[in-house]
Amino acid sequence: MRLPVAMHYTERRRRQRRQQAFCRELARMALRSLHQELTLYPKPGLVSPVDKGSHDDMDASTFMRSLFSLRRYFSDIATAGMAGASFTELKRLGIEAEQRMLRATGGINTHRGAIFCLGMLSASIACCRGQEMMLSPQAIRATLLIRWGDALTGHTNSKGGREEPASHGLRVAARHAVGGAREEGALGFPSVFEIALPQLQATLAAGRDWHCAKTDALFALMAHVSDTNVYHRGGAAGAALVQQRSRDFLAQGGTSDGAWQARAEAIHHEFVEHRLSPGGAADLLAAACLIHAACGGELAA
Ligand SMILES: CC(C)(COP(=O)(O)OP(=O)(O)OC[C@H]1O[C@@H](n2cnc3c(N)ncnc32)[C@H](O[C@H]2O[C@H](COP(=O)(O)OP(=O)(O)OP(=O)(O)O)[C@@H](O)[C@H]2O)[C@@H]1O)[C@@H](O)C(=O)NCCC(=O)NCCS
Ligand SMILES: Nc1ncnc2[nH]cnc12
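Model, not experiment: these values are computed from the prediction.

Peer 1: Explain the overall build of the protein to me, and be specific about the residues and the numbers.
Peer 2: Helices and strands together make up the secondary structure of the protein, namely 13 helices and zero strands. For the protein, the α and β elements follow one another from N to C terminus as α-α-α-α-α-α-α-α-α-α-α-α-α. The C-alpha atoms of the protein give a radius of gyration of 20 Å, which matches the 19 Å a tight globule of 301 residues would have. Considering only C-alpha atoms, the protein reaches an extent of 70 × 50 × 30 Å along its principal axes. Each of the 301 residues in the protein was classed as buried or not, and the buried ones make up 46%.

Peer 1: An account of the site of ligand 1 is requested, with residue identities and associated values reported.
Peer 2: Neighbouring residues of ligand 1: 35 residues in total, closest Gly 94, Gly 113, Gly 169, Gly 279 and Gly 280. Mapped onto the shell around ligand 1, the elements with two or more residues apiece are α4 (87-105), α5 (112-130), α7 (168-176), α8 (180-186), α11 (228-251) and α13 (279-294). Per-element tally for the shell around ligand 1: the top contributor is α5, with eight residues. Split by residue class, the shell around ligand 1 holds eleven nonpolar, 17 polar and seven charged.

Peer 1: Help me get a handle on the environment of Lys 214, residues and values and all.
Peer 2: Among the structural elements, Lys 214 can be located in helix α10 (residues 210-224). Taking C-alpha positions, Lys 214 is 25 Å from Arg 24, a pair spaced 190 residues apart along the chain.

Peer 1: Outline the site of ligand 2, listing residues and values.
Peer 2: In the vicinity of ligand 2, the contacting residues are Glu 37, Leu 38, Leu 46, Val 47, Gly 53, Ser 277, Gly 279, Ala 282 and Asp 283. The set of elements that each furnish at least two residues to the shell around ligand 2 consists of α1 (5-39) and α13. No other element matches α13, which puts three residues into the shell around ligand 2.

Peer 1: Tell me about the confidence of the model for the protein, and please be specific about residues and values.
Peer 2: On average, residues of the protein score 94 in pLDDT, and 95% of them are at 70 or above. Across the interface, the model reports ipTM at 0.94; the global pTM reads 0.95.

Peer 1: Describe the nonpolar core, with residues and values.
Peer 2: Ala 196, Leu 221, Leu 285, Ala 287, Ala 288 and Leu 290 are the most contacted members of the largest nonpolar core, which totals 81 residues. Those residues in contact with Ala 287 that sit more than four places away from it in its chain are Cys 117, Leu 118, Leu 121, Phe 189 and Val 192.

Peer 1: I'd like to hear about unusual backbone geometry, residue by residue, with values.
Peer 2: The linkage connecting Tyr 41 with the following residue, Pro 42, adopts the cis geometry, with an omega of -5 degrees. Tracing the chain through its elements places Pro 42 in the loop between α1 and α2 (60-69). The backbone of Glu 132 shows a phi angle near 55 degrees, a positive value even though the residue is not glycine. With respect to the element layout, Glu 132 can be found in the loop between α5 and α6 (137-157). The exposed category is assigned to Glu 132, around which 6 C-beta atoms lie within 10 Å.

Peer 1: Residues and numbers for the packing of α10 against α11, please.
Peer 2: As a packed pair, α10 and α11 sit with axes 7 Å apart at the nearest point and diverge in direction by 140 degrees. When the interaxial angle is binned, α10 and α11 end up oblique. Of the two possible hands of crossing, α10 and α11 adopt the one that is left-handed. On α11, the residues touching Phe 219, Ala 220, Met 222 and Ala 223 of α10 are Val 242, Gln 243, Ser 246, Arg 247, Phe 249 and Leu 250.

Peer 1: So what's going on with helix α3 (residues 71-82)? Residues and values would help.
Peer 2: The end-to-end C-alpha separation of α3 is 17 Å, in line with the 16 Å expected for twelve residues at 1.5 Å each. α3 sits mainly inside the fold: nine of its twelve residues count as buried. Among all positions of α3, only Tyr 73, Phe 74, Ser 75, Ile 77, Ala 78, Thr 79, Ala 80, Gly 81 and Met 82 are buried. Gly 84 sits one or two positions beyond α3 and adopts a positive phi of about 70 degrees.

Peer 1: Please set out α2 residue by residue, giving values where relevant.
Peer 2: Every buried residue of α2 is listed here: Phe 63, Ser 66 and Leu 67. Axial view of α2: buried residues confined to an arc of 100 degrees, hence all on one face. Exposed residues lying more than 90 degrees from the buried face of α2 are Ser 61 and Phe 68.

Peer 1: Could you give an account of the environment of Leu 135, naming the residues involved and the relevant values?
Peer 2: With respect to the secondary-structure elements, Leu 135 resides in the loop between α5 and α6. Assessed through the 13 C-beta atoms surrounding it within 10 Å, Leu 135 is described here as partly exposed. Each C-alpha atom of the pair Leu 135 and Ala 286 lies 18 Å from the other, and the pair is 151 residues apart in sequence. Not counting residues up to four positions away in its chain, the partners in contact with Leu 135 are Ile 125, Cys 128, Arg 129, Ile 140, Ala 294 and Cys 295.

The rules behind each value
- Along each chain, residue indices are assigned from 1 in the same order as the chain's sequence is written.
- Chains carry letters and ligands carry numbers; both start at the beginning, A for chains and 1 for ligands, and go up in the order they are written.
- In keeping with the predicted nature of the model, local features appear solely for residues at pLDDT of at least 70, side-chain atom pairs appear and are counted solely at 80 or more, and the whole-chain, interface and lining totals rest on all residues.
- Strands here mean DSSP runs of E at least two residues long; helices mean DSSP runs of H or I at least four residues long; both are numbered from the N terminus.
- Two things to know: the radius of gyration comes from C-alpha atoms, and the globule rule equals 2.2 Å times the number of residues to the power 0.38.
- Any residue surrounded by 20 or more other C-beta atoms within 10 Å of its C-beta is treated as buried, while 12 or fewer makes it exposed and the intermediate range makes it partly exposed; C-beta atoms here are placed from the backbone.
- The criterion for a residue being near a molecule or strand is simple: its C-beta atom, placed using the backbone, must lie within 6 Å of it.
- Side-chain classes are defined by residue name, with Ala, Val, Leu, Ile, Met, Phe, Trp, Tyr, Cys and Pro counting as nonpolar, Asp, Glu, Lys and Arg as charged, and the others, Gly among them, as polar.
- The quantity called pLDDT is the predictor's confidence in a given residue, expressed from 0 to 100.
- The nonpolar core criterion groups buried Ala, Val, Leu, Ile, Met, Phe, Trp, Tyr and Cys residues into a set whenever they are joined through C-beta atoms within 7 Å.
- The contact criterion used here is simple: two residues whose C-beta atoms, placed from the backbone, lie within 7 Å are in contact.
- Fitted lines through C-alpha atoms serve as axes, helices being fitted only where they are in contact, and the angles separating the N-to-C directions of these axes extend from 0 to 180 degrees.
- Any angle between 65 and 115 degrees counts as roughly perpendicular, while under 35 counts as roughly parallel, over 145 as roughly antiparallel, and the rest as oblique.
- The crossing is said to be left-handed when, going from far helix to near helix, the turn is anticlockwise and less than a right angle, and right-handed when the turn is clockwise.
- Given a helix with a known number of residues, its expected span is that number minus one, times 1.5 Å.
- Throughout, the arc means the angular range of directions from the helix axis out to the C-beta atoms.

Laid out in structure tokens, this is it:
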């Protein structure tokens, strides 16, 4: 039986409202995930409410201003992703968000990696939802690669295109042959899905709390990721130090060891001494929190 036209219209409007509400909720999750990363301490070399880590031009309030400037962005990119927008459209939203972030922070780059990483993942989560798929890490990653994988690979290969000013990431990639954020995206964020998320889940499954889970996940990321921010500040020697300290921390049991807090704090001070800042790993931790939350996990306070 055919529904009357008015009923079709009402049903369509209801569905549209539900989808808009989902995109707004997803944007809130993305912001909460970034906040979850910011408030974590000890966090080697990184900014937290306790101190400025290895940075002298930004503190936690700079990050909070940046975070507020991204409110509309996450909801816009989710809406675009739900509608199956092209990568060109997502990139336009990403570039606008970068500009708003830089205005909010007085020109300091707080969240460029996060705009890219959590932005693409938000688009993918919303796209899954738009197709009424069950939200799972596998579905979100597969959707990202099917929809935008080719374009993300193109984005990696367009390194140094004339329209882009040479970023720290591009310079480091050329000098040290490391992939960085672009390669992460092109491969469907393996560090989020294969490193950080399983580590978050393993620590929680072992009965430790959310704070421990985030800490272990951050150390797992620092042990594995080629973080262009670390190379930019510390070169290959700095990157080797970050990986070694992180592997040692995990080999001693991570947060299952009674003295983990003191050990993490000592590594924090050592990184600050060397001016090292694993900002890429911090962004990827926030991305893993977002996937955890979108798939039904709790983001504890
Ligand atoms: C794809 C882009 C992200 C461009 O990346 P590019 O390769 O050109 O490099 P950068 O501009 O340097 O930015 C990359 C940022 O990504 C983070 N990152 C690093 N390594 C990884 C990694 N392996 N995986 C994932 N993410 C990674 C990292 O971000 C954090 O560090 C930031 C501070 O960086 P920076 O300003 O360089 O360093 P400072 O120490 O502060 O410098 P000084 O004190 O010396 O001045 C901090 O913001 C963290 O976020 C890298 O910085 C992207 O820019 C792009 O293409 N944008 C266009 C928009 C777009 O395409 N969007 C797509 C749809 S959303
Ligand atoms: N907490 C933090 N400190 C420094 N750089 C970062 N990039 C992303 N999060 C960061």
